[in-house]
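# Descriptive analysis of the structure
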Amino acid sequence: KSGDHWECCDQLEEFRVSIRTALNLSQPKMTDQEIQDMSRAVFKQLGRLRKLKILDLSDDSNNPGWPLQFTESMGLVSLSSLTELEILVLQGDQNMTPSDVKLMLEHWKSLKGIDGGMMAAQHYGRDCTLATMFNKRGIKTPRSIYPDEYLSNFGKVSWDEDRVC
């Protein structure tokens, strides 16, 4: 039933799942409100997994649809309870802002790394603002600076995590 608590998962420490806004191409396109509602419901459920140390949302299957967006407007605040989270693996481009990163840093004190294509997704430029925010706290951001589209269009980017932009 929608909204039910995942009782079997109260002690879960590692969770890997692929979440997209569309399951297949035959589904009708979701409205922005439907995507926001779905995202908030998913974040609410994930936020109940309070013992989670690793949240892996990577997806190697190239499923259609858009990845779950880690932004306040989509319900990121529901993940504030994941105080033991150490590793977050994201799928696809993220539209994060400094405000979203501040929320993560405020609540996820155990965070050691974020992996995925999120840091320059909006502008495909050398804007390391978000990576810098994480790196200054000692949080690694491998494969998070440039999304795959940037790399395929402009070639390999040299990134040394000890040298923040």
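Next up on the list: the confidence of the model for the protein. Detailed reading of predicted coordinates is not advised where the pLDDT is low. Residues of the protein with pLDDT of at least 70 account for 65%, and the chain-wide mean is 76. Of the regions scoring below 50 in pLDDT, residues 154–165 engages in 24 contacts with residues more than four places distant in sequence or in other chains.

This part is about the nonpolar core. Core analysis: the biggest nonpolar cluster contains 32 residues, and Leu55, Phe70 and Trp108 have the highest contact counts within it. Listed by contribution, the elements that provide at least two residues to this core are helix 1 (32–46), helix 2 (98–107) and helix 3 (129–135).

This brings us to empty space enclosed by the protein. Under the definition given, this model contains one cavity of 30 Å³ or more. Of the volumes computed, that of the largest cavity is approximately 40 Å³. Lining the largest cavity, in full, are Ile19, Leu57, Pro67, Leu68, Phe70, Leu90, Gln91 and Gln94. Taken together, the residues that form the lining of the largest cavity break down as six nonpolar, two polar and no charged.

So, about the environment of Met38. With respect to the helices and strands, Met38 occurs in helix 1. Since its relative accessible area comes to 21%, Met38 is described here as partly exposed. Expressed as a C-alpha distance, the spacing of Met38 and Arg20, which sit 18 residues apart in the sequence, is 9.8 Å.

What follows is about helix 2. Along helix 2, the residues classified as buried are Asp100, Val101, Leu103, Met104 and Leu105. Those residues of helix 2 that are buried are in contact with strand 4 (113–115) and helix 3.

Two aromatic rings are characterised by how far apart their centres lie and by the angle between their planes. Under the definition given, this model contains one aromatic pair. Pairing Phe43 with Phe70 gives two aromatic rings, centres 5.1 Å apart and planes at 85°, and the pair type is edge-to-face. In this pair, Phe43 sits in helix 1 while Phe70 sits in the loop between strand 2 (54–56) and strand 3 (87–89), placing the two residues 27 residues apart along the sequence. Take Phe43 and Phe70: they sit in the same class, and that class is buried.

For the rest of this paragraph, the subject is the side chain of Gln69. In this structure, Gln69 sits in the loop between strand 2 and strand 3. Judged by relative accessible area, which is 13%, Gln69 ranks as buried. In contact with Gln69, not counting residues within four places along its chain, are Phe43, Met74, Asp93, Gln94 and Asn95.

Two side chains of opposite charge can pair, provided their charged atoms sit close to one another. Under the criterion given, the structure shown has three salt bridges. Its salt-bridge partner being Lys51, residue Glu84 comes within 3.9 Å of it at the nearest N-O pair. Taken together, the positions of Glu84 in the loop between strand 2 and strand 3 and Lys51 in the loop between helix 1 and strand 2 put the pair 33 residues apart, joining distant regions of the chain. Of the residues examined, Glu84 reaches a relative accessible area of 27% and is grouped as partly exposed. Taking the relative accessible area as the measure of exposure, Lys51 reaches 33% and is therefore partly exposed. We note a salt bridge from Glu86 to Lys112, for which the minimum N-O separation is 3.7 Å. Highlighted residues: Glu86 in the loop between strand 2 and strand 3 and Lys112 in the loop between helix 2 and strand 4, separated in sequence by 26 residues.

This part covers the environment of Glu72. Positionally, Glu72 belongs in the loop between strand 2 and strand 3. Exposure remark for Glu72: the relative accessible area of 36% places this residue in the partly exposed category. When sequence neighbours within four positions are dropped, the list of residues in contact with Glu72 reads Ser99, Asp100 and Leu103.

Criteria and thresholds
Residues numbered from 1 in each chain as written. Predicted model: local features only at pLDDT ≥ 70, side-chain atom pairs only at ≥ 80, totals over all residues. Heavy atoms only, no water. pLDDT = per-residue confidence, 0-100. Contact = heavy atoms within 4.5 Å. Core = buried A, V, L, I, M, F, W, Y, C linked by side-chain atoms within 4.5 Å. Buried < 20%, exposed > 50% of the residue type's maximum accessible area, 1.4 Å probe, protein only. Helix = DSSP H or I, 4+ residues; strand = E, 2+ residues; numbered from the N terminus. 1 Å grid on protein atoms, 1.4 Å probe; cavity = no way out; pocket = protein on both sides within 12 Å on 5 of 7 lines; lining within 4 Å. Points joined across faces, edges and corners; volume = space filled by probe spheres on them. Nonpolar A, V, L, I, M, F, W, Y, C, P; charged D, E, K, R; others polar. Phe/Tyr/Trp six-rings, centres within 6.5 Å; stacked < 30°, edge-to-face > 60°. Salt bridge = Lys/Arg side-chain N within 4 Å of Asp/Glu carboxyl O.

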